Amino acid sequence: MLKSMQKNLINSLKRIRGVNDMERRIHLSIQMVLAGILTTLIAYFLELQYWQTSGVIAVLSINYTKKDTIKVAFNRLKDVVLALGLSTLLFYMIGYNLSVYLVFMVIFIVVSWVLNISEGIVVSLVLINHIWPLGHFDSALLLNEVYIFLLALVIALSINLLYPNYNLKKLDKNMALIDQYIQEHTFMLSLVLKDIAGYPIYKEHYNKIVAILDPLIIEADLLRKDQVLKKNYRYAEYLHMRKRQLEALNRMYDLTIRMKSSEPIIDEIAAYVKDLCYDIGSSNKAVEHLIKLEKYHQELETRALPKSRNEFITRAVLYQFLEELKIFLTEKTIFHQNFDV
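This text gives an overview of the structure that appears in the document.

Definitions and limits used
Counting restarts for each chain: residues are numbered from 1 in the order of the written sequence. Only residues with pLDDT of 70 or above have their local features reported here, since the model is predicted, and side-chain atom pairs are shown and tallied only from 80 upward, although totals for entire chains, interfaces and linings are computed over all residues. As a convention, hydrogens and water are excluded, and side-chain values are obtained from all of the structure's heavy atoms. Only DSSP runs of H or I reaching four residues or more are called helices, and only runs of E reaching two or more are called strands; each is numbered from the N terminus. Any residue under 20% of the maximum accessible area for its type is buried, any over 50% is exposed, and the rest in between are partly exposed; the area is computed with a 1.4 Å probe on protein chains only. Whether two residues are in contact is decided by their heavy atoms: any pair within 4.5 Å suffices. Computed by Shrake-Rupley with a 1.4 Å probe, the accessible areas treat only the displayed protein chains as cover when residues are assessed. Note on aromatic pairs: the rings of Phe, Tyr and Trp (six-membered ring only in Trp) are paired at centre separations within 6.5 Å, and the planes decide the class, stacked below 30 degrees, edge-to-face beyond 60, tilted for the rest.

## Considerations on the overall build of the chain
- When helices and strands are tallied, the chain shows 12 helices and zero strands.
- Start at the N end of the chain and walk to the C end: the helices and strands fall as α-α-α-α-α-α-α-α-α-α-α-α.
- In the chain, which comprises 341 residues, the share counted as buried stands at 48%.
- Across the chain, the fraction of contacts at a sequence separation of at least 24, relative to all contacts at a separation of at least 6, is 80%.
- Looking at the chain as shown, the accessible area adds up to about 17,500 Å², and 63% of this sits on carbon and sulfur atoms.

## A word on the packing of aromatic side chains
- This model, assessed by the stated rule, comprises nine aromatic pairs.
- A ring pair is formed by Phe91 and Tyr96, whose centres lie 5.0 Å apart and whose planes are at 25°; its orientation type is stacked. Neither Phe91 nor Tyr96 differs from the other in exposure class; each is buried.
- Ring centres of Tyr92 and Phe137 lie 6.1 Å apart, and the angle between their planes is 80°; on these two criteria the pair is classed as edge-to-face. With Tyr92 in helix α3 (residues 66–93) and Phe137 in the loop between α5 (121–131) and α6 (139–162), this residue pair connects regions lying 45 residues apart in the sequence.
- The partly exposed category is assigned to Phe137, whose relative accessible area is 37%.
- Counting every residue linked through ring pairs, the aromatic cluster contains Phe91, Tyr96, Tyr101, Phe104, Phe108 and Trp132.

## Let's talk about unusual backbone geometry
- Of note, Tyr50 is a non-glycine position whose phi angle comes to about 60°, a positive value.
- Looking at where Tyr50 falls in the secondary structure, it is placed in the loop between α1 (2–45) and α2 (51–60).
- Backbone geometry places Asn116, a non-glycine residue, at a positive phi of 60°.
- Positionally, Asn116 belongs in the loop between α4 (98–114) and α5.

Here it is as structure tokens:
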């Protein structure tokens, strides 16, 4: 059974590592292609000067997440306004020549970094390079630069914000997958309480679950940043909750090898943990298990005092073990309190 579990874990790890990042790259590529082609065609048919630049700016305006796209878009807009205003002022007052352009470049780049809007530096310099070689002020050309920039920005934002969250289709599947592995690892804990011989294998199982869970958490946190209009952080918080539970399980595994003596209550706790594993899932069953858990706390407190050093150590470890079990269950109850409303 353990070999079958490990094989499933390895296959899942390979699939998740390869698929998640590749899927996001593919969908980003699709957005860039759509934004680039649409903006270029519109700019061309509107007969804007330097229409090719508009398509390039649209491609550059697509970012990894929707929130990143919005943030960069507004910073770029502020930077372009700064560049057009500053360059027009300097060129008009001093002259349209290379030395003024270089002075403008130095001032503009420094100010952009100071104001923390450096995302627009490259785009702004491209636009300014359309203006200053003309050698004189031209309001029509200045408006043209504004048009090609705004056209690119609006189309890129629209495509990025309206593009469907493809990851939403995988959420339930990923949550069920992690629940299954947490369930298996909890079942293994009931076994190691009775026999610590399999401890190294169980720890390896933990490491492989973490290797699967961490990429899913990264993807979930990116998904948070993809939610702009309708925000739902349940999925990300669910995975973070499972990660904290998994860490509690890991601490329980480490506690088992510190037990120095055998006590009847250990078998009872092992049976409790085994029953618990079958109730791990999306529904809220943690509260009833917390009530059952309290019985073992009370039993430990009413037992006769330990008669040897080893019994004392085991009793202390057991108490700590039950506290970790309480943390494990409380994490789930807190999640439901926050999201089952």
